[in-house]
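Each chain, written out:
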Amino acid sequence: MSALQAPSPEIVVVGCSAGGLSALHVLLGGLSKPLAVPMVVVCHSGSEDMRVFCELLKSRSGLPVQEAEERLLPEPGRIYVAPSGYHLLLERDHRFALSVDPRVAFSRPSIDVLFESAAEVWRQGVLAVLLTGANADGAEGCAKVRRAGGTVVVQDPDTAQVPMMPAAALELAGADHCLPLPEISLLLESLCS
């Protein structure tokens, strides 16, 4: 499918781990305005108090950032961050669900869990973004997004603070776009306009 034929994303899901807060500052700070779709973020390196983490992202980007809550329906233009200690999933009715199921790739919240649930619900309408990190969480999720017809953007490992996560995703799933971090914001704006 060419870029001209690809459907517009209906949701953006983002995963990161070690170095994630700095990467999210660059990603969100590079957006000139809120996206026309919801953005949902899993960051392993978030603090235990996710309200503080959300406030840091909001203050740096000027964008509306909040913690995701059970049964909340994500709205366009807003950024939702997975709460600490819970897997964050997207249900068939497009609402959030929280789970205390076992850790995946040593993590809860897990990027794979978010990406895979989004792929099941939105299929080709998912745009998944995988950034810096120190494990392989997200690789399986990226593969599932691509199999469902969605789009995967992976940070160029050479530009990642910790390259293991994006490198694992590229090896397992490949990517539709592999870019240095500062270029990802422009791509998101272009794809979600």
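The structure reproduced in this document is the subject of the present report. (Residues numbered from 1 in each chain as written. Predicted model: local features only at pLDDT ≥ 70, side-chain atom pairs only at ≥ 80, totals over all residues. Heavy atoms only, no water.)

### Considering the side chain of S61
If you trace the backbone, S61 turns up in helix 2 (residues 50–61). Here L57 takes part through its backbone oxygen, which lies 2.8 Å from a polar atom of the side chain of S61. In this structure S61 touches L28 and G29, once residues within four positions along its chain are discounted. (Helix = DSSP H or I, 4+ residues; strand = E, 2+ residues; numbered from the N terminus. Polar contact = N/O pair within 3.5 Å; in protein donor to acceptor, adjacent residues only side chain to side chain. Contact = heavy atoms within 4.5 Å.)

### Description of the pattern of salt bridges
Taken as a whole and judged by the stated rule, the model has four salt bridges. Measuring nitrogen to oxygen at the nearest pair gives 3.3 Å for the salt bridge that ties D176 to R146. Taken together, the residues D176 in the loop between helix 5 (164–173) and strand 9 (177–179) and R146 in helix 4 (residues 139–147) connect sequence positions 30 residues apart. Residue R146 is classed as partly exposed on the basis of its relative accessible area, which comes to 31%. (Salt bridge = Lys/Arg side-chain N within 4 Å of Asp/Glu carboxyl O. Buried < 20%, exposed > 50% of the residue type's maximum accessible area, 1.4 Å probe, protein only.)

### What to know about helix 6 (residues 181–191)
Listing the buried residues of helix 6 in full gives L181, I184, S185, L187, L188 and E189. The inward-facing, buried residues of helix 6 contact helix 1 (20–29), strand 2 (39–43), strand 7 (126–130), strand 8 (151–155) and strand 9.

### What to know about the pairing of strand 5 (residues 87–90)
As a general feature of sheets, a regular strand has side chains that alternate between the two faces. Strand direction decides the pairing type here: strand 5 and strand 6 (residues 96–99), joined by four bridges, are antiparallel. Bridged to H87 within strand 6 is S99. The hairpin turn running from strand 5 into strand 6, its antiparallel successor, is five residues long, and H94 in that turn takes a positive phi close to 75°. (Pairing = 2+ DSSP bridges.)

### A closer look at the packing of helix 4 against helix 5
In the contact formed by helix 4 and helix 5, the axes pass within 8 Å of each other and the chain directions differ by 40°. Relative to helix 5, helix 4 is oriented oblique. Handedness of the helix 4/helix 5 crossing: right-handed. Here A139, E140, C142, A143 and R146 of helix 4 come into contact with helix 5, specifically with A168, A169, L172 and A173. Of the residues in the contact of helix 4 with helix 5, the class split is seven nonpolar, no polar and two charged. (Axes fitted to C-alpha atoms, helices over the stretch in contact; angles between N-to-C directions. Parallel < 35°, antiparallel > 145°, perpendicular 65-115°, else oblique. Left-handed = near helix turned anticlockwise from the far one by under 90°. Nonpolar A, V, L, I, M, F, W, Y, C, P; charged D, E, K, R; others polar.)

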